[in-house]
Amino acid sequence: MRTHRIASIPGDGIGVDVTVEARKVLDRAGQRHGFTLEWTEFDWSCERYARTGAMMPEDGVERLSAFDGIFLGAVGFPGVPDHVSLWGLLIPVRRAFSQYVNLRPVRLLPGVTSALAGRSAEELEMVIVRENSEGEYSTIGGRHNTGRPDEFVLQESVFTRVGVERIIRYAFQVAGSRSGRVCSATKSNGLVHSMPYWDEIFAEVAAEYPDIHSEQCHVDALAARMVQQPDRLDVVVGSNLFGDILSDLAAAVTGGLGMAPSGNINPPGEYPSMFEAVHGSAPDIAGKGIANPVAQVLAGAMMLEHLGERDAARTVETAVSDVLAERAVVTPDLGGSATTSELGSEIAAALG
Ligand code: NAI
Ligand code: MG
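Since this is a predicted model, take the numbers as computed values, not measurements.

Student: Hey, could you go over the overall build of the protein for me, with residue numbers and the actual values?
Tutor: When helices and strands are tallied, the protein shows 11 helices and 12 strands. What you see for the protein is a C-alpha radius of gyration of 20 Å, in line with the 20 Å of a compact globule of 352 residues. Along the first, second and third principal axes, the C-alpha atoms of the protein reach 55 × 50 × 40 Å. Burial analysis of the protein (352 residues in total) assigns 49% to the buried set. Within the protein, counting contacts between residues at least 6 apart in sequence, those at least 24 apart form 76% of the total.

Structure representation (structure tokens):
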């Protein structure tokens, strides 16, 4: 029996609700495909922050390094500023483990109505490759002349050659295994230092992949294209900020945030990768038992694939598609009245 050691961090709000359901599904997939997921749960969260003053213990990152994978719900809770939850847990983990790829597959599943009704599943399938370690999300900067009329803040971006080149190269590799098309999100007309540099490196890497069709598009126009001509997009590569925004948009046109999974990946495999839904802790529906667990379940399928359990990953995806196509048991965000747990159990049952 193969064993994979997984650190589970349910976090806050619906992160807790959807993680329980995803674990049900993944454990069932393990039984069917001959492996065990050995879960260790950590209570690292805003709730812990409120109690102890820290999202995770000081040696948190070190403790996670012993695992084969990290399965994260979501962090964030009213009363704890978002920069605390983000910089106290998520960003340190992403950076310490060099999870420089944030991979966000997007597809319209059966039985789900898109905001772009009439579009087929083939037209609405893409993957966002988001830079996950630098760019616009930087601590460099500060507030100056505080409290004076000439008060101002500076927020710097960091784009390194290594960082830009490796994410773009990863996108070309993904494209090689899919449609053979890559579109780079830029904004070199407004951001006159960082984005021309990004574009220059994109052109260099593109030259190494003559068989891949490459193009670049300003991020604002790209957002419009994602809604108006999604069939023209497949692999979209973007900086940390652009990738973040585009993936919420892409999720919105494929049935909402309850459907969108995400992987924080360390491609060389030197460190554990971390899998989570794109959505946050949704305090507005937390504790009501109505969160859609599909995004977290599909994040689990991405984790299985990363762990080498390719067949189990496909089985989980098929189970999700089958249950959604039936439309009998779906959560309110998809127009149904099922609870988080009912949908989770239905998907687990569909695994056979
Ligand atoms: P959110 O993604 O939590 O919620 C946005 C909207 O989508 C809400 O109306 C929510 O009810 C709905 N929604 C999200 N997931 C859903 C699901 N599975 N099923 C049904 N409806 C769903 O984003 P928001 O409200 O901006 O942030 C809430 C908190 O989450 C904040 O503290 C934020 O910092 C944190 N957050 C954490 C993330 C993470 O841990 N990776 C990512 C994004 C936000
Ligand atoms: Mg986001």
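Student: So what about the site of ligand 1? Which residues, and what values?
Tutor: Around ligand 1 lies a shell of 22 residues, among which Gly76, Gly258, His279, Gly280 and Asn292 are the nearest. Counting residues per element, the ones that place at least two in the shell around ligand 1 are α1 (14–33) and α4 (82–96). The element that contributes the greatest number of residues to the shell around ligand 1 is α4, accounting for 3 residues. By residue class, the composition of the shell around ligand 1 is 11 nonpolar, 7 polar and 4 charged.

Student: Which residues make up the sheet that holds strand β1 (residues 2–11), and what are the values?
Tutor: Spatially, the 10 strands line up as an open sheet ordered β2-β1-β3-β12-β11-β4-β5-β10-β8-β9, and their pairing is mixed. A strand with exactly one partner marks an edge of an open sheet, and here the two such strands are β2 (35–41) and β9 (213–218). For this sheet the average axis-to-axis angle between neighbouring strands, irrespective of direction, equals 25°. Seen against the sheet, helix α5 (residues 161–176) touches β4 (101–107), β5 (125–131), β8 (181–186) and β10 (235–238) and runs at an angle of roughly 165° to β5.

Student: Tell me about unusual backbone geometry, and name the residues and values.
Tutor: Notably, Ser98 is not glycine yet its phi reads approximately 45°, a positive angle. One non-glycine residue, Asn145, lies in positive phi territory at about 55°. Along the chain, the position of Asn145 falls in the loop between β6 (141–144) and β7 (152–155).

Student: Describe the domain arrangement of the protein, listing the residues and the values that go with them.
Tutor: According to the domain assignment, the protein contains domain 1 (1–99 + 258–352) and domain 2 (114–254). A C-alpha centroid distance of 24 Å is found between domain 1 and domain 2. Between domain 1 and domain 2, the contact holds 9 residues from the first and 7 residues from the second. Per-class residue counts for the side of domain 1 that touches domain 2 are 4 nonpolar, 3 polar and 2 charged.

Student: Can you explain the UniProt feature "domain: Isopropylmalate dehydrogenase-like" (unreviewed entry) in the protein? Please cite residues and give values.
Tutor: Under the feature "domain: Isopropylmalate dehydrogenase-like" (unreviewed entry), the UniProt entry names residues 5–347. Helix makes up 41% of residues 5–347 and strand makes up 20%, while its end C-alpha atoms are separated by 23 Å.

Student: Help me get a handle on the nonpolar core, residues and values and all.
Tutor: By size, the foremost hydrophobic cluster in this structure holds 102 residues, and its most contacted members are Val129, Ala171, Val236, Val316 and Val320. Sort the elements by how many residues they give to this core and helix α9 (residues 294–306) lands first, with 9 residues. When residues are assigned to domains, this core turns out to be shared by domain 1 (1–99 + 258–352) and domain 2 (114–254), each giving three or more. In this view, Val236 contacts Met126, Ile128, Val129, Cys183, Ala185 and Leu246; residues no more than four positions away in its chain are not counted.

Student: An account of the pairing of β8 is requested, with residue identities and associated values reported.
Tutor: On any regular strand, side chains alternate: one points to one face of the sheet, the next to the other face. For β8, the tally of buried residues reaches 5 of 6 residues, placing the bulk of the element in the interior. The pairing of β8 with β9 spans 6 bridges and is classified as parallel. Residue pairing for β9: Val182 is matched across the bridge by Ser214. In this region the chain leaves β8, passes through helix α6 (residues 194–208) and returns to the parallel neighbour β9; the handedness of that crossover is right-handed. Here β8 runs beside β10; their pairing, made up of 3 bridges, is parallel. Bridge assignment links Val182 to a residue of β10, and that residue is Val235.

Reading the values: rules and limits
Residues numbered from 1 in each chain as written. Chains lettered and ligands numbered in written order. Predicted model: local features only at pLDDT ≥ 70, side-chain atom pairs only at ≥ 80, totals over all residues. Helix = DSSP H or I, 4+ residues; strand = E, 2+ residues; numbered from the N terminus. Rg over C-alpha atoms; globule rule 2.2 N^0.38 Å. Buried ≥ 20, exposed ≤ 12 C-beta atoms within 10 Å, placed from the backbone. Contact = placed C-beta atoms within 7 Å. Near = placed C-beta within 6 Å. Nonpolar A, V, L, I, M, F, W, Y, C, P; charged D, E, K, R; others polar. Pairing = 2+ DSSP bridges. Axes fitted to C-alpha atoms, helices over the stretch in contact; angles between N-to-C directions. Domains from an automatic or database assignment. UniProt positions renumbered as here; feature names shortened; annotations may be inferred. Core = buried A, V, L, I, M, F, W, Y, C linked by C-beta atoms within 7 Å. Right-handed = clockwise from strand over helix to strand, strands pointing away.

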